[in-house]
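# Examination of the molecular architecture
Below, each chain spelled out in residue letters.
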Amino acid sequence: KLAIQQKLEQERLEKERLERERLEKERLEAEEERRGVQAVQQKQPVLPKEEPKITVESVETMVAPLKTRTHYDILQCSSTASRTELKRAYLSLAKETHPDALLQYGIENTAETERRFGEVSRAWKVLGDPTSRRRYDRQLQAKGISTKAGSMFENWVMGAAKAMDEALAKAEDNLEDGSGKKP
């Protein structure tokens, strides 16, 4: 009976020792975390050495990979346009972009005008054929691209950049005035 009591007492002491170690470990971790949070809070922001230069060109360069012009965008039609509407749009754009038509109007043929006519022709070649149009629509759907998605995204970025410029200008004006008012 005495041996059992001693064993129980040893187990109780061992449990208490383990509990103290666990509590001490938790306290040290909490202390370490608190020190880390304080260090982060005390760290002052570092201002850039020079102002970032945001221009229309730099925004366009950043957005260029994200923009997607579809054949529908090139023909200036919706993806639900009928074949007749697509053909009408193609013929209208072909008259405007064909190198021979441009010469009649006295406009010089350049690489840009030829590229534009090539785009219009390729778009019609794909969208004019019902089979290739269905295949193309499936590809767009698989990529998650909707028509006008690129231009909508570009407009959003340009609007955000303009709003940011206005907010920064207000903040700079307030700093120069010394008023310290929030923009």
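Everything below is about the structure shown above.
To start, this report covers the structure provided alongside it. From a predicted model like this one, the values you see are computed outputs, not experimental measurements.

Our next topic: the pattern of salt bridges. Applying the stated criterion across every chain yields a total of 11 salt bridges. Note that glutamate 9 and arginine 12 form a salt bridge whose closest N and O atoms lie 2.3 Å from each other. With a gap of 3 residues between them, glutamate 9 and arginine 12 both fall in helix α1 (residues 2–42), about one helical turn apart. For glutamate 19, the salt bridge goes to arginine 22, with nearest N and O atoms at 2.4 Å. Linking glutamate 19 with arginine 22, this pair stays in helix α1, spanning 3 residues, or about one helical turn. For glutamate 19, a relative accessible area of 36% translates into the label partly exposed. Residue classification places arginine 22 among the partly exposed positions, given a relative accessible area of 37%. Overlapping salt bridges bring together Glu112, Arg115, Arg116 and Glu119 as one network.

Contact geometry of helix α4 (residues 83–97) with helix α6 (residues 111–128) gives a least axis separation of 10 Å together with a crossing angle of 165°. Regarding the angle of α4 to α6, the classification is roughly antiparallel. At the point where α4 passes α6, the crossing takes the left-handed sense. In this structure, α4 uses Arg83, Leu86, Lys87, Tyr90, Leu93, Ala94 and Thr97 to contact α6, whose residues at the interface are Thr113, Arg116, Phe117, Val120, Ser121, Trp124, Leu127 and Gly128. Classifying every residue of the contact of α4 with α6 gives 8 nonpolar, 4 polar and 3 charged.

Here we take up the environment of tyrosine 136. With respect to the helices and strands, the residue tyrosine 136 is situated in helix α7 (residues 130–143). Separated by 65 residues in the primary sequence, tyrosine 136 and histidine 71 have C-alpha atoms spaced 9.1 Å apart. Excluding residues that lie within four positions of it along the chain, tyrosine 136 makes contacts with Thr70, His71, Tyr72, Val126 and Leu127.

Take the nonpolar core next. Judged by nonpolar contacts, the single largest core of 17 residues is most densely connected at Tyr72, Leu75, Cys77, Leu86, Tyr90, Val120 and Leu127. Elements represented by at least two residues in this core include exactly α3 (71–75), α4, α6 and α7.

Spanning 15 residues, α4 covers 20 Å between terminal C-alpha atoms, matching the ideal 21 Å at 1.5 Å per step. Those residues of α4 that fall on the buried side of the exposure criterion are Leu86, Ala89, Tyr90, Leu93, Ala94 and Thr97. Looking down the long axis of α4, one finds its buried residues gathered within 135° of arc, a one-sided arrangement. Counted as exposed and oriented over 90 degrees from the buried face of α4: Thr84, Arg88 and Lys95.

Okay, a negative patch on the surface next. On the surface, Glu50, Glu51, Glu172 and Asp173 cluster together to form a negatively charged patch. The residue glutamate 51 is located in the loop between α1 and α2 (56–63) in this model.

A few words on α6. Taking 1.5 Å per residue, 18 residues should reach 26 Å; α6 reaches 25 Å between its end C-alpha atoms and fits that length. Taken together, the buried positions of α6 are Thr113, Arg116, Phe117, Gly118, Glu119, Val120, Ala123, Trp124, Leu127 and Gly128.

Let's shift gears to the packing of aromatic side chains. Throughout the structure, instances matching the rule amount to 2 aromatic pairs. Seen in terms of ring centroids, tyrosine 72 and tyrosine 136 are 6.2 Å apart; in terms of plane orientation they differ by 45°. Their pairing is tilted. Of this pair, tyrosine 72 sits in helix α3 while tyrosine 136 sits in helix α7, placing them 64 residues apart in sequence. Taken individually, tyrosine 72 and tyrosine 136 each receive the classification buried, so the pair is uniform in this respect. With centroids separated by 5.3 Å and ring planes inclined at 10°, the aromatic side chains of tyrosine 90 and tryptophan 124 adopt a geometry described as stacked. Remark: tryptophan 124 occurs in helix α6 and tyrosine 90 occurs in helix α4; sequence separation between them is 34 residues. Residue tryptophan 124 is classed as buried on the basis of its relative accessible area of 16%.

Basis of the calculations
Counting from 1, residues in each chain are numbered in the order their sequence is written. Residues qualify for local features only when their pLDDT is at least 70, as the model is predicted, and side-chain atom pairs are given and counted only at 80 or more; totals for whole chains, interfaces and linings, by contrast, use all residues. Neither water nor hydrogens contribute to the side-chain values; these are computed over all heavy atoms in the structure. Any Lys or Arg side-chain nitrogen located within 4 Å of an Asp or Glu carboxyl oxygen qualifies as a salt bridge. Starting at the N terminus, helices and strands are each numbered in turn, a helix being any DSSP run of H or I of at least four residues and a strand any DSSP run of E of at least two. Accessibility here uses a 1.4 Å probe with only protein chains present; expressed as a share of the type maximum, an area under 20% marks a residue as buried, one over 50% as exposed, and anything in between as partly exposed. Under this scheme, a helix contributes an axis fitted over its contacting stretch, all axes are lines through C-alpha atoms, and angles between N-to-C directions fall in the 0 to 180 degree range. Just so you know how the angles are binned, under 35 degrees is roughly parallel, over 145 roughly antiparallel, 65 to 115 roughly perpendicular, and the rest oblique. Handedness of each helix crossing follows the sense of rotation of the near helix against the far helix: counterclockwise by less than a right angle gives left-handed, clockwise gives right-handed. The contact rule is simple, with two residues in contact once any of their heavy atoms fall within 4.5 Å. As a working rule, the residues Ala, Val, Leu, Ile, Met, Phe, Trp, Tyr, Cys and Pro are called nonpolar, Asp, Glu, Lys and Arg charged, and the rest polar, with Gly in that last group. Buried Ala, Val, Leu, Ile, Met, Phe, Trp, Tyr and Cys residues form a nonpolar core when they are joined through side-chain atoms within 4.5 Å. To estimate how far a helix should extend, the number of its residues minus one is multiplied by 1.5 Å. Taken from the helix axis, the directions to the C-beta atoms give the arc we talk about. To count toward a patch, a residue needs a relative accessible area over 30% and no salt bridge; like charges are then connected within 9 Å, while nonpolar side chains (Val, Leu, Ile, Met, Phe, Trp, Tyr) are connected within 5 Å. For the area figures, the Shrake-Rupley method with a 1.4 Å probe applies, and any residue is considered shielded solely by the protein chains shown. Residues scored as positive are Lys and Arg, those scored as negative are Asp and Glu, and His as well as the terminal groups of each chain are ignored. By convention, the point assigned to a charge is CZ for Arg, NZ for Lys, CD for Glu and CG for Asp. Aromatic pairs are defined between Phe, Tyr and Trp rings, using the six-membered ring for Trp, whenever the two ring centres lie within 6.5 Å; interplanar angles under 30 degrees are classed as stacked, those over 60 as edge-to-face, and all others as tilted.

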